[in-house]
Amino acid sequence: SALLASQVKPTHEMAKAVRELVITVQHISEDVNAVVDVANKTLQFAEQGQNSFMNVVKSMEDIRRSSQVSSDKIIALGKQSEHINDVVKTIDRIIEDTKLIAFNATIEAARAKDEGKGFGVVALEIKRLAEEVFESTEDIKELIQEIRSASHALVLATEEEMKTVHRGALLAEEAGTSLGQIFDMVKLTTESAQRIASATQQQRGASEQVLQSVE
């Protein structure tokens, strides 16, 4: 009986130590599972963030294209206003010629005395109409100048906007690349945590089997 008692005591102590080991492994397993849960959520958020950044990059590219179209239309408007200005200059030359012709006609009518009175009245009326048309063309030229100034300012503003959008797109693309690298790192971390959790679970099962054998 003394020999049996000497054997039971160490076995009892071994069982106690294995129980403590099993409890420790259980705690580690729970902690690792919690880490895996956090890693999975982080991976999910990183993926969502990456998708959001890609949408931002796409939206900024759409804005850049829209700005380019607007700029092209404004430039076309400026060219059209220049063409109108050329037409108005041609009208001004015609008006000057008409006034000169009307002036000469008035002189000729004065020389013709009574026979040229009617012709002189017509010549004066033509001159008056020419002056009115000239005043109208002056207003048109002012409007064209305003259009050209406004279109020029819009072109400059649009070009600056395009530069800003381009810079923003580059920054967003860089951020997206960085986020992609973070995503890959988080993915590796998650996979590692899952492998650790699997190994810990196996260790937990083995420890429990050892405890059952000892008991």
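Scroll up to find the structure.
Since this is a predicted model, take the numbers as computed values, not measurements.

**Q** Give a detailed account of the overall build of the protein chain, specifying residues and quantitative values.
**A** Looking only at helices and strands, the protein chain features two helices and zero strands. Taking 2.2 N^0.38 as the reference for a compact globule, 215 residues should give roughly 17 Å; the C-alpha atoms of the protein chain span a radius of gyration of 46 Å, well beyond that estimate. Residues counted as buried form 22% of the 215 residues belonging to the protein chain. Considering only intrachain contacts with a sequence separation of at least 6, the fraction spanning at least 24 residues in the protein chain is 92%.

**Q** Give me the lowdown on the packing of aromatic side chains, citing residues and values where you can.
**A** Applying the stated criterion across every chain yields a total of zero aromatic pairs. Note that Lys99 overlies the ring of Phe134, its terminal NZ or CZ placed 5.6 Å from the centroid.

**Q** So what's going on with the pattern of salt bridges? Residues and values would help.
**A** Considering all chains together, one arrives at four salt bridges under this definition. Between Lys141 and Glu138 there is a salt bridge, with the nearest N and O atoms lying 2.7 Å from each other. Taken as a pair, Lys141 and Glu138 lie in helix H2 (residues 117-214) at a separation of three residues, close to a single helical turn. You can call Lys141 partly exposed: its relative accessible area is 23%. Residue classification places Glu138 among the partly exposed positions, given a relative accessible area of 28%. Beyond isolated ion pairs, a larger network of salt bridges with shared partners links Asp92, Glu138 and Lys141.

**Q** Before we move on, can you summarise the side chain of Asp92 with the specific residues and values?
**A** Within the secondary structure, Asp92 sits in helix H1 (residues 2-111). Classification of Asp92 as buried rests on a relative accessible area of 11%. In this structure Asp92 touches Phe134, Thr137, Glu138 and Lys141, once residues within four positions along its chain are discounted.

**Q** Report on a negative patch on the surface, specifying residues and quantitative values.
**A** Taken together, the side chains of Glu131, Glu135, Asp139, Glu142 and Glu146 define an acidic patch exposed on the protein surface. Here Glu142 shows up in helix H2.

**Q** Describe the environment of Val155, naming the residues involved and giving the relevant values.
**A** Relative to the helices and strands, Val155 is located in helix H2. As for Val155 and Ser67, which are separated by 88 residues in sequence, their C-alpha atoms are 9.9 Å apart. Beyond its immediate stretch of four places on either side in the chain, Val155 contacts Ile74 and Ile75.

**Q** Account for the side chain of Thr137, with residues named and values stated.
**A** Tracing the backbone through its elements, the reader meets Thr137 in helix H2. What makes Thr137 buried here is its relative accessible area of 3%. In contact with Thr137, other than residues within four places in its own chain, are Val88, Ile91, Asp92 and Ile95.

**Q** Can you lay out a nonpolar patch on the surface for me, pointing to particular residues and giving the numbers?
**A** Judged by side-chain polarity, Val87, Ile91 and Val133 come together as a nonpolar surface patch covering roughly 200 Å² of accessible area. As for its position among the elements, Val87 is in helix H1. Since its relative accessible area comes to 40%, Val87 is described here as partly exposed.

What counts as what
- Residues numbered from 1 in each chain as written.
- Predicted model: local features only at pLDDT ≥ 70, side-chain atom pairs only at ≥ 80, totals over all residues.
- Heavy atoms only, no water.
- Helix = DSSP H or I, 4+ residues; strand = E, 2+ residues; numbered from the N terminus.
- Rg over C-alpha atoms; globule rule 2.2 N^0.38 Å.
- Buried < 20%, exposed > 50% of the residue type's maximum accessible area, 1.4 Å probe, protein only.
- Contact = heavy atoms within 4.5 Å.
- Phe/Tyr/Trp six-rings, centres within 6.5 Å; stacked < 30°, edge-to-face > 60°.
- Lys NZ or Arg CZ within 6 Å of the ring centre and 35° of its normal.
- Salt bridge = Lys/Arg side-chain N within 4 Å of Asp/Glu carboxyl O.
- Patch = residues over 30% accessible without salt bridge, like charges linked within 9 Å, V, L, I, M, F, W, Y side chains within 5 Å.
- Areas by Shrake-Rupley, 256 points an atom, 1.4 Å probe, with all protein chains shown as cover.
- Lys, Arg positive; Asp, Glu negative; His and termini not counted.
- Charge placed at Lys NZ, Arg CZ, Asp CG, Glu CD.

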